[in-house]
Amino acid sequence: MKTALYIFIGIVLLLLETVISPHIFLDVLKPEVGIPIVLYVTFFLGTGPGLAAAVCIGLAEEALSGAPNGSLLFVTIVIYLIAALMRRKYYVDSKYTFAYFSSGAVLVQSGLFAALTFFAHGETRGILNIAFYMAPNAIVTGFVSILLFSFIDRLNTILMERS
């Protein structure tokens, strides 16, 4: 139940990001909202629900973007695999630690996407654009993931009170 709810929240956030982002003039203020959902589900609910979240979020990102087919799904699943391996070694104890992981995951996602662009098309023009926005997007995503973590933590408290 929680997994489906978090996936639904992630898809709604992706839809909101798609609707709002054309109206934001500064491209550096556009966070990645799918990756924190995948990380949260993987770290707190387990690897099975994390895989479901990664596939659903990746497919939603594919449907909403103009990126090459399969690239965002592939990158999201790689981020999930990294999070699944890190899950047993690192403990997310606060929203700030979660923000660090989210920012790092966005940096890895951008690097993987740049590598895919280079190897698939052999072009370097898109790589410079990705590199320019990599750090600002990671920072903004870190701040947004703090809010997202607080919202999901509050939602968990409400759901636990009802049980």
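The structure under discussion appears in the preceding block.
Worth saying up front: this structure is predicted, and the values here are computed from it rather than measured.

Undergrad: Teacher, can you tell me more about the overall build of the protein here?
TA: If you tally the helices and strands in the protein, you get 6 helices and 0 strands. The N-to-C order of helical and strand elements in the protein reads α-α-α-α-α-α. Relative to its length of 163 residues, the protein is compact, with a C-alpha radius of gyration of 15 Å against a globular reference of 15 Å. Seen along its three principal axes, the alpha-carbon backbone of the protein occupies a region of about 55 × 35 × 25 Å. Considering the protein as a whole, with its 163 residues, one finds that 41% of them fall into the buried category. For the protein, the proportion of contacts with a sequence separation of at least 24, taken over those separated by at least 6, is 73%. Here the protein contributes 9 positively and 9 negatively charged side chains, and the mean placements of these two sets differ by 9 Å.

Undergrad: I would appreciate a short explanation of the nonpolar core in the present structure.
TA: Soluble globular proteins tend to pack their nonpolar side chains together in the buried interior. If you look at the biggest cluster of nonpolar residues, it comprises 29 residues, and the most contacted ones within it are Y6, I37, L39, Y40, F98 and I152. Elements supplying a minimum of two residues to this core: α1 (2-20), α2 (34-45), α3 (47-64), α4 (71-86), α5 (95-121) and α6 (125-162). In contact with L39, not counting residues within four places along its chain, are I79, A83, F98, F101, S102 and A105. Among the nonpolar cores identified, the runner-up in size contains 5 residues, and A67, F113, A114 and I130 belong to it.

Undergrad: Please explain the packing of aromatic side chains as it appears in this structure.
TA: Inspection of every chain in the model, using the stated rule, returns 9 aromatic pairs. The rings of Y6, Y40, F44, F98 and F149 are connected pair by pair, giving a single aromatic cluster.

Undergrad: Before we go on, may I ask you to explain a nonpolar patch on the surface in this structure?
TA: A grouping of F8, V12, L16, V19 and I20 is seen on the molecular surface, where their side chains present a nonpolar patch of about 450 Å² in accessible area. Within the secondary structure, L16 sits in helix α1.

Undergrad: Help me understand the side chain of N156, please; the structure alone is not making it clear to me.
TA: As for its placement among the helices and strands, N156 is situated in helix α6. Within polar-contact distance, the side chain of N156 engages the side chain of Y40 at 2.8 Å. In this structure N156 touches K2, Y6 and Y40, once residues within four positions along its chain are discounted.

Undergrad: Please explain the side chain of E32 as it appears in this structure.
TA: With respect to the helices, strands and loops of the structure, E32 is situated in the loop between α1 and α2. Using a relative accessible area of 16% as the deciding quantity, one classes E32 as buried. Within the local environment of E32, its side chain forms a polar contact with the backbone nitrogen of G34, the two atoms lying 3.3 Å apart. Apart from residues no more than four positions distant in its own chain, E32 is found in contact with E17, E61, V106, Q109 and T141.

Undergrad: Honestly, the packing of α1 against α2 in this entry has me stumped. Any pointers?
TA: Two quantities define a packed helix pair, namely the angle between the helix axes and the distance between the axes. Contact pair α1 / α2: the axes reach a minimum separation of 9 Å and the direction vectors enclose 170°. If you check the angle between α1 and α2, you find them roughly antiparallel. Crossing handedness for the pair α1 and α2: right-handed. Contacts from K2, T3, Y6, I9, G10 and L14 in α1 reach G34, I37, Y40, V41 and L45 in α2. For the contact of α1 with α2, the per-class residue count stands at 7 nonpolar, 3 polar and 1 charged.

Undergrad: Just to check I follow, could you spell out the environment of I20 for this structure?
TA: Relative to the elements of secondary structure, I20 occurs in helix α1. Sequence spacing of I20 and K30 is 10 residues, and the spatial spacing of their C-alpha atoms is 9.3 Å.

Undergrad: Where do I start with α5 in this structure?
TA: Side chains of residues three or four places apart in an α-helix project in the same direction, reflecting 3.6 residues per turn. The terminal C-alpha atoms of α5, which comprises 27 residues, lie 38 Å apart, in line with the 39 Å expected from a rise of 1.5 Å per residue. G122 lies just past α5 and shows a positive phi near 70°.

Quick notes on the rules
- Per chain, residue numbering runs from 1 following the sequence as it is written.
- Reporting in this predicted model follows two pLDDT cut-offs: at least 70 for local features of residues, and 80 or more for side-chain atom pairs to be given and counted; totals over whole chains, interfaces and linings ignore these cut-offs and use all residues.
- Hydrogens and water molecules were not included; the side-chain quantities draw on all heavy atoms of the structure.
- Comment: elements are numbered from the N terminus, with helices defined as DSSP H or I runs of at least four residues and strands as E runs of at least two.
- Throughout, radius of gyration means the C-alpha value; the globule benchmark is 2.2 Å times the number of residues raised to the power 0.38.
- Exposure classes here rest on a 1.4 Å probe applied to the protein chains alone. A residue is buried below 20% of its type maximum, exposed above 50%, and partly exposed in between.
- Any two residues whose heavy atoms approach within 4.5 Å at even a single point are treated as in contact.
- Charged residues are defined narrowly, with Lys and Arg counted positive, Asp and Glu counted negative, and His plus the chain ends left uncounted.
- Charged side chains are reduced to one point each, which is NZ for Lys, CZ for Arg, CG for Asp and CD for Glu.
- Take the buried Ala, Val, Leu, Ile, Met, Phe, Trp, Tyr and Cys residues and link them wherever side-chain atoms come within 4.5 Å; each set so joined is a nonpolar core.
- In summary, the pairing rule links any two rings of Phe, Tyr or Trp, Trp by its six-membered ring, whose centres are within 6.5 Å, and it sorts them by plane angle into stacked for under 30 degrees, edge-to-face for over 60 and tilted for everything else.
- Residues form patches when they are more than 30% accessible in relative terms and have no salt bridge. Like charges link within 9 Å. Nonpolar side chains (Val, Leu, Ile, Met, Phe, Trp, Tyr) link within 5 Å.
- Note on areas: Shrake-Rupley, 1.4 Å probe, and residue coverage restricted to the protein chains presented here.
- Just to be clear on terms, a salt bridge is a Lys or Arg side-chain nitrogen sitting within 4 Å of an Asp or Glu carboxyl oxygen.
- Polar contacts, as counted here, are pairs of nitrogen or oxygen atoms within 3.5 Å of one another; within protein the pair requires one atom able to donate a hydrogen and one able to accept it, and residues that are adjacent in sequence qualify only if both atoms are side-chain atoms.
- To obtain each axis, a line is fitted to C-alpha atoms, and for helices this fit is confined to the stretch in contact; angles are then taken between N-to-C directions over 0 to 180 degrees.
- Convention used here: angles under 35 degrees read as roughly parallel, angles over 145 as roughly antiparallel, angles from 65 to 115 as roughly perpendicular, and any remaining angle as oblique.
- If you view the pair so one helix is near and one far, a crossing is left-handed when the near helix is turned anticlockwise from the far one by less than a right angle, and right-handed when it is turned clockwise.
- When residues are grouped by polarity, Ala, Val, Leu, Ile, Met, Phe, Trp, Tyr, Cys and Pro land in nonpolar, Asp, Glu, Lys and Arg in charged, and all others, Gly among them, in polar.
- Helix span is expected to be 1.5 Å times the residue number reduced by one.

All we've got here are geometric facts, nothing functional implied.
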